[in-house]
Amino acid sequence: SQQTPTRRGTLIVVEGLDRAGKSSQCELLRDYLSEQGHNVKYIRFPDRTTPIGKLIDSYLRGSANQEDHSIHLLFSANRWELAKSIEQDIAAGITLIVDRYSYSGAVYSAAKANPTLSLEWAWQPEIGLPQPDICLFLSISAEEAAKRGGFGAERYENESMQTRVRELFRTLFERQKDVCVVDAGRTLEEVSRDIQAAVSDCVAQLDTVGPLRTLG
Ligand code: NYM
Ligand code: MG
């Protein structure tokens, strides 16, 4: 007798500024999709557990310095080292929720205003990585972000950097038309309802989309 091929999983990416509510929303989405009967995995970048991730972690905590281009390529390498396992999970029918991805990678580095580190340059090492089936951008204003309490102690967690990151996310997502912008300045419930609706539509259209694509 013939076996029904496994329906591939969906690659879901959640992006946004620090304090936009990404992690809370990823958890709510994981619980929602599990209740719907999906086999779900929630991962995040940077993955601080790998050897490359440990270098990134000390850089973010400020206990180590790295040249701008060099740390950028390490963030990208941290995605490449997990690319195979992402592809395998998707092929095995697992729905993957990814907290930050190539979009954060490009904008945080480009926000440093290093003259040889443009958004275009920063995007190049991402080309060829698994492309998300849906990228949800949790959009939050500077005022709303400020209301949510102070910045953390890690590198990049300051007003001027966050302002540039916000502008660059906007620039990047004007070019990458396939992003779903969610107004994250509302209650957890309101935001999660929008996310669930967008993800459900995406999952329903998966057969039309075909196999997992790659970033271009
Ligand atoms: N970050 C994250 C980058 O600069 N490049 C990347 O490729 C990724 C994935 O790391 N401030 C930055 C954005 C965050 C910081 O992420 C740590 P988180 O989600 O706050 O732990
Ligand atoms: Mg953070």
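The rules we used
Residues numbered from 1 in each chain as written. Chains lettered and ligands numbered in written order. Predicted model: local features only at pLDDT ≥ 70, side-chain atom pairs only at ≥ 80, totals over all residues. Helix = DSSP H or I, 4+ residues; strand = E, 2+ residues; numbered from the N terminus. Rg over C-alpha atoms; globule rule 2.2 N^0.38 Å. Buried ≥ 20, exposed ≤ 12 C-beta atoms within 10 Å, placed from the backbone. Core = buried A, V, L, I, M, F, W, Y, C linked by C-beta atoms within 7 Å. Contact = placed C-beta atoms within 7 Å. Pairing = 2+ DSSP bridges. Axes fitted to C-alpha atoms, helices over the stretch in contact; angles between N-to-C directions. Near = placed C-beta within 6 Å. Nonpolar A, V, L, I, M, F, W, Y, C, P; charged D, E, K, R; others polar.

Helix and strand counts for the chain come out as 9 helices and 5 strands. Its C-alpha atoms give the chain a radius of gyration of 17 Å, within 12% of the compact-globule value 17 Å for 216 residues. The buried share of the chain, taken over its 216 residues, is 34%.

We now examine the nonpolar core. Residues Ile12, Ile97, Val107 and Leu138 are the most contacted members of the largest nonpolar core, which totals 40 residues. It is helix H4 (residues 102-110) that contributes the most residues to this core, 5 residues altogether. Setting aside its immediate chain neighbours within four residues, valine 107 contacts Val165, Leu168, Phe169 and Leu172. Listed in part, the 5 residues of the second largest apolar core include Ile52, Leu55, Ile71 and Phe75.

The next point concerns the sheet that holds strand S5 (residues 179-183). With parallel pairing, the 5 strands of this open sheet are ordered in space as S2-S3-S1-S4-S5. Strands at the two margins of the open sheet, each flanked by one partner only, are strand S2 (40-44) and S5. Recorded for the sheet is a direction-independent mean angle of 20 degrees between the axes of neighbouring strands. As defined by bridge partners, strand S1 (residues 11-16) adjoins strand S3 (residues 95-99) across 4 bridges and the pair is classed as parallel.

Moving on: the site of ligand 1. Close contacts around ligand 1 come from Asp18, Phe45, Pro46, Leu60, Phe75, Arg100, Ser104, Gly105, Tyr108 and Tyr156, and that covers them all. In terms of residue class, the shell around ligand 1 is made up of 6 nonpolar, 2 polar and 2 charged.

As a further point, take unusual backbone geometry. With an omega of 0 degrees, the peptide bond running from phenylalanine 45 to proline 46 counts as cis. Within the secondary structure, proline 46 sits in the loop between S2 and helix H2 (51-61). Of note in this structure, arginine 19 is not a glycine but carries a positive phi near 75 degrees. As for its position among the elements, arginine 19 is in the loop between S1 and helix H1 (22-35). Phi is positive for tyrosine 156, which is not a glycine, with a value near 80 degrees. Along the chain, the position of tyrosine 156 falls in the loop between helix H6 (142-147) and helix H7 (159-175). The partly exposed category is assigned to tyrosine 156, around which 15 C-beta atoms lie within 10 Å.

None of the figures reported here should be taken as evidence of function without further support.
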